[in-house]
Amino acid sequence: MRLPQGTRGVHSGRARPAVRSGHNSREISGDRTTTSDQTVSVSASVDVRLHRVGFRAGTDAELRALHAVEVPIQAERGSDRMPQPVASYIALARNLPSQFDDHAWLAETPDGTPVAAGYCWSNAAGDPQVMECDLLVRSDRRREGIGSRLFAEICDETDKGGRSLLTWSTFDAVPAGAAFSRRLGARVARVNRTSELRLADVDWSMIGDWAKAGRAQERGYRLEMIDGPFPEHLRADAVTFHHIMQTAPRDDLDVGDVLLDADHIAELDHALLEAGRMRWTALVRASTGACVGGTEVTFEPGEPAVVLQQNTGIDPVHRGLGLAKWAKAAMLERIRHERPQVERIRTDNAFSNVPMLAINDVLGFKVIRARTEWQANVNDARRSLSR
């Protein structure tokens, strides 16, 4: 599933959890682990049955089936990365942070072949009206009503959770997603670009100039590198960094801030480790020692040639000094020297994030695909679904 909002840097996304994420709780209730009595037919003419399964509380068989649905659809969505290893996927599910209240459904043929999956999840650290979701239907089983039936389950769960706004993403490589979203009466809330930088094309002389950061260092700013999980004494700085990221453009997304605390950071970092991922973070500190921003990248298991650029942000009060360029340049130089096997860096940004895109474009990032975020009132979407 795509990664829930608030977990960037923990899971590539999917991402995650699509539900990704990525990529976003209460304890698992009893009905989450007893799914056999929840099996329903899609329709009399479609040889597919839906049943509720666990994600965090899923069995190995359920998670393998969900993974089997996701892998080809992630490729269809435009990803040329290696599929997430099933062991990493299961580890992520088992260690999904408690801030996320997750729900999942699986569609299977009578012989047990998985053909579709639906997910939704709320985030206790985020907007109390929002339910994020993702829908994946195998390309040869579309237009049979499977997606509509899964979406109806998502709407029911959203209602039960007392939430009113659904959000999800579609990908330009899969036009069926946008068509389904329009049928639901959803509106486009934000459009993002995925772009890629090939290290062989980097102007390392320019990177060296950025890394000098003369003006910033004269004013007492410094960088601090953290490898892997944040130690306990730095979790407050991780919280600050995450809060700074809430200043990124939201365009027409009607969602509130995701406000993490130190306990959230600890759980997210545990999930990072259990999924076999590695993260490097460069925090920017002012002369007072306060964290005023930073940048972070993650390394995926079994994919040494690709790095995922995650959050980069600077407190608005401290912008205009080249701090983001400095942090990104320092990270690029470190990757070049310590991870010589890396060939590409990939990142995701809103098309409206002009300051960050200006930096990425100068670095040489090239757009490879687009992702559209949609939102809809749950009752309006349900009515559209029934027409």
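Analysis parameters
- Residues numbered from 1 in each chain as written.
- Predicted model: local features only at pLDDT ≥ 70, side-chain atom pairs only at ≥ 80, totals over all residues.
- Heavy atoms only, no water.
- Helix = DSSP H or I, 4+ residues; strand = E, 2+ residues; numbered from the N terminus.
- Areas by Shrake-Rupley, 256 points an atom, 1.4 Å probe, with all protein chains shown as cover.
- Buried < 20%, exposed > 50% of the residue type's maximum accessible area, 1.4 Å probe, protein only.
- Arc of directions from axis to C-beta.
- 1 Å grid on protein atoms, 1.4 Å probe; cavity = no way out; pocket = protein on both sides within 12 Å on 5 of 7 lines; lining within 4 Å.
- Points joined across faces, edges and corners; volume = space filled by probe spheres on them.
- Nonpolar A, V, L, I, M, F, W, Y, C, P; charged D, E, K, R; others polar.
- Contact = heavy atoms within 4.5 Å.
- pLDDT = per-residue confidence, 0-100.
- Axes fitted to C-alpha atoms, helices over the stretch in contact; angles between N-to-C directions.
- Parallel < 35°, antiparallel > 145°, perpendicular 65-115°, else oblique.
- Left-handed = near helix turned anticlockwise from the far one by under 90°.
- Pairing = 2+ DSSP bridges.
- Right-handed = clockwise from strand over helix to strand, strands pointing away.

Observations regarding the overall build of the protein
Here comes step 1: A tally of helices and strands in the protein yields 11 helices and 13 strands.
Here comes step 2: Accessible surface, the protein as shown: approximately 15700 Å² in total, 51% of it carbon and sulfur.

A few points about helix H4 (residues 175-183)
Here comes step 1: Every buried residue belonging to H4 is among Ala178, Phe180 and Ser181, and all of these are buried. Buried positions in H4, seen along its axis, are confined to an arc of 160 degrees and lie on one side of it. Among the exposed residues of H4, those pointing more than 90 degrees away from its buried face are Pro175 and Arg182.
Here comes step 2: Looking at the residues trailing H4, positive phi occurs at Gly185, about 75 degrees.

A look at the layout of surface pockets
Here comes step 1: Within this model, the second largest pocket holds a volume of roughly 640 Å³.
Here comes step 2: Around the second largest pocket sit 29 residues that line it, and Leu135, Arg142, Ala176, Gly177 and Phe180 are the ones nearest its centre.
Here comes step 3: Here the lining of the second largest pocket gets six residues from one element, more than from any other, and that element is H4.
Here comes step 4: Tallied by class, the residues present in the lining of the second largest pocket amount to 15 nonpolar, seven polar and seven charged.

Some details on the side chain of Asp237
Here comes step 1: One can find Asp237 in helix H7 (residues 235-245).
Here comes step 2: On the basis of relative accessible area, Asp237 is assigned to the buried category, the value being 15%.
Here comes step 3: With residues up to four places along the chain from it excluded, the contact list for Asp237 reads Leu283, Arg285 and Cys291.

Focus: the confidence of the model for the protein
Here comes step 1: Across the protein, the average pLDDT comes to 90, with 88% of residues at 70 or higher.
Here comes step 2: In the predicted structure, residues 5-37 sits below a pLDDT of 50 and forms 156 contacts with residues beyond four places in sequence or in another chain.

Structural notes on empty space enclosed by the protein
Here comes step 1: For the largest cavity, the calculated volume is near 50 Å³.
Here comes step 2: In terms of lining residues, the largest cavity is bounded by Leu197, Val297, Gln309, Lys328, Met331, Leu332, Ile335, Ile345, Leu363 and Phe365.
Here comes step 3: Looking at which element gives the most residues to the lining of the largest cavity, the answer is helix H9 (residues 323-338), with four residues.
Here comes step 4: The residue inventory of the lining of the largest cavity, partitioned by class, reads eight nonpolar, one polar and one charged.

Remarks on unusual backbone geometry
Here comes step 1: Notably, Arg143 is not glycine yet its phi reads approximately 65 degrees, a positive angle.
Here comes step 2: The backbone of Asp251 shows a phi angle near 55 degrees, a positive value even though the residue is not glycine.
Here comes step 3: Taking the relative accessible area as the measure of exposure, Asp251 reaches 39% and is therefore partly exposed.

Remarks on the side chain of Thr158
Here comes step 1: By the element assignment, Thr158 lies in helix H3 (residues 146-160).
Here comes step 2: The class of Thr158 is buried, set by a relative accessible area of 0%.
Here comes step 3: If we ignore the near neighbours within four places in the chain, the residues touching Thr158 are Met131, Arg163, Ser164, Leu166 and Val378.

Some thoughts on the packing of helix H5 (residues 204-212) against H9
Here comes step 1: Where H5 meets H9, the axes come as close as 8 Å, and the angle between the chain directions of the two elements is 125 degrees. Classified by the angle between their axes, H5 and H9 sit oblique to one another. Relative to H9, H5 is oriented so that their crossing is left-handed. On H9, the residues touching Trp204, Ile207, Gly208, Trp210 and Ala211 of H5 are Lys325, Trp326, Ala329, Leu332, Glu333 and Arg336.
Here comes step 2: Taken together, the residues that form the contact of H5 with H9 break down as seven nonpolar, one polar and three charged.

Let's talk about the packing of H3 against helix H11 (residues 378-386)
Here comes step 1: Where H3 meets H11, the closest approach of the two axes is 10 Å, and the angle between their N-to-C directions is 150 degrees. Here H3 is positioned roughly antiparallel relative to H11, judged by the angle of their axes. Crossing handedness for the pair H3 and H11: left-handed. Counted together, Ser148, Phe151, Ala152, Cys155, Asp156, Thr158 and Asp159 of H3 and Val378, Asn379, Ala381, Arg382 and Leu385 of H11 form the full contact between these two elements.
Here comes step 2: Grouping the amino acids of the contact of H3 with H11 by side-chain chemistry returns six nonpolar, three polar and three charged.

Quick look at the pairing of strand S12 (residues 344-350)
Here comes step 1: Across the seven residues that make up S12, a large majority, seven, are buried.
Here comes step 2: Residues Arg344, Arg346, Asp348 and Ala350 of S12 are buried on one face, and the alternating residues Ile345, Thr347 and Asn349, pointing to the opposite face, are buried as well.
Here comes step 3: Bridging between strand S11 (residues 306-314) and S12 involves three bridges; their strand directions are parallel. For Val307, the partnering residue across the bridge sits in S12 and is Ile345.
Here comes step 4: In this fold, S11 hands off to H9, which returns the chain to S12; that crossover is right-handed.

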